[in-house]
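# Topology and contacts: notes
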Amino acid sequence: MTTSMENICTSCGSQFVVPAAEAKFRIDRGLETPAQCPACRGASRASRNIDLLALYERADSLSPQDGRSTNARSGGDGRSRGPRRGGVTQQRYSTVCAACGSDTTVPFVPRGDRPVYCRDCFNARKGT
Ligand SMILES: [Zn+2]
Ligand SMILES: [Zn+2]
């Protein structure tokens, strides 16, 4: 059984609801219920972030361009080259070998203006 709590913002004076989950979270940890509405809390958090950012920027300008050159030239050679992936994805067309007459597939469209050989016959012709 959880109930949400109502509270008055100390910053803008408007009533706001502390969600049950947040109220339980705070009670479990012995924290005070929030004194500001979510909007004001968000605003103060944002301004805190701005302060932090300003701090970081100042720290950055104190050490100019340090730690930037460590990773500049390493890697970058592992790019995949071409569409081939293990030679399996290539489109093949079925045809008949001009030498042995058996059905085979070739990686190009058979046009009929030159003989098409199966792999065995092709390798045999190339080899000799
Ligand atoms: Zn408020
Ligand atoms: Zn053949």
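Residues numbered from 1 in each chain as written. Chains lettered and ligands numbered in written order. Predicted model: local features only at pLDDT ≥ 70, side-chain atom pairs only at ≥ 80, totals over all residues. Heavy atoms only, no water.

## Let's talk about the coordination of the zinc ion (ligand 2)
This is how it is decided: Here the term donor refers to an N, O or S atom within 2.8 Å of the metal (or 3.2 Å for Na, K and Ca), and because water is left out of the atoms, sites may appear incomplete. Any site counts as irregular unless it has four donors with all angles between 85 and 135 degrees, making it tetrahedral, or four or six donors with opposite ones more than 155 degrees apart and the rest between 65 and 115, making it square planar or octahedral. Each residue's exposure class comes from its accessible area (1.4 Å probe, protein chains only) as a fraction of the maximum for that residue type: buried when under 20%, exposed when over 50%, partly exposed otherwise.
Taken together, Cys97 (SG), Cys100 (SG), Cys118 (SG) and Cys121 (SG) make up the protein donors of the zinc ion (ligand 2), found 2.2 to 2.3 Å from the metal. Around the zinc ion (ligand 2) sit four donor atoms; with metal-centred angles ranging over 101 to 114 degrees, the donor geometry is tetrahedral. Written as a sequence motif, the donor arrangement for the zinc ion (ligand 2) is C-x2-C-x17-C-x2-C. The class of Cys100 is partly exposed, set by a relative accessible area of 46%.

## Focus: the coordination of the zinc ion (ligand 1)
Six octahedral donors around a metal ideally sit at 90 or 180 degrees from one another, while four tetrahedral donors ideally sit at 109.5 degrees. Test applied: Going along the chain from the N terminus, every DSSP run of H or I of four or more residues is numbered as a helix, and every run of E of two or more is numbered as a strand.
Here the zinc ion (ligand 1) is held by Cys9 (SG), Cys12 (SG), Cys37 (SG) and Cys40 (SG), and the distances to it run 2.2 to 2.3 Å. Geometry at the zinc ion (ligand 1) is tetrahedral, judged from the four donor atoms that bind it and their angles of 103 to 116 degrees at the metal. Read in sequence order, the donor residues coordinating the zinc ion (ligand 1) give the pattern C-x2-C-x24-C-x2-C. Of the two residues, Cys9 is situated in the loop between β1 (5-8) and β2 (15-18) and Cys37 in the loop between α1 (20-28) and α2 (38-62); the sequence distance between them amounts to 28 residues.

## Description of the layout of surface pockets
Empty space among the atoms can be located by rolling a probe the size of a water molecule over them. Heads up, the condition is: Cavities and pockets are defined on a 1 Å grid built over the protein atoms alone: a cavity is a set of grid points where a 1.4 Å probe fits but cannot escape, while a pocket is an open set with protein on both sides within 12 Å along at least five of seven lines, and lining residues are those with an atom within 4 Å of any such point. Grid points are joined across faces, edges and corners, and a volume is the space filled by probe spheres set on the points. Gly is put with the polar residues, along with every residue not named as nonpolar or charged; the nonpolar set is Ala, Val, Leu, Ile, Met, Phe, Trp, Tyr, Cys and Pro, and the charged set is Asp, Glu, Lys and Arg.
Each pocket or cavity is described by its volume, and for the largest pocket that value is around 290 Å³. Elements with a minimum of two residues in the lining of the largest pocket: β4 (103-106) and α3 (119-127). Class assignment of the residues belonging to the lining of the largest pocket gives a composition of eight nonpolar, three polar and three charged.

The values reported here are purely geometric and, on their own, carry no functional implication.
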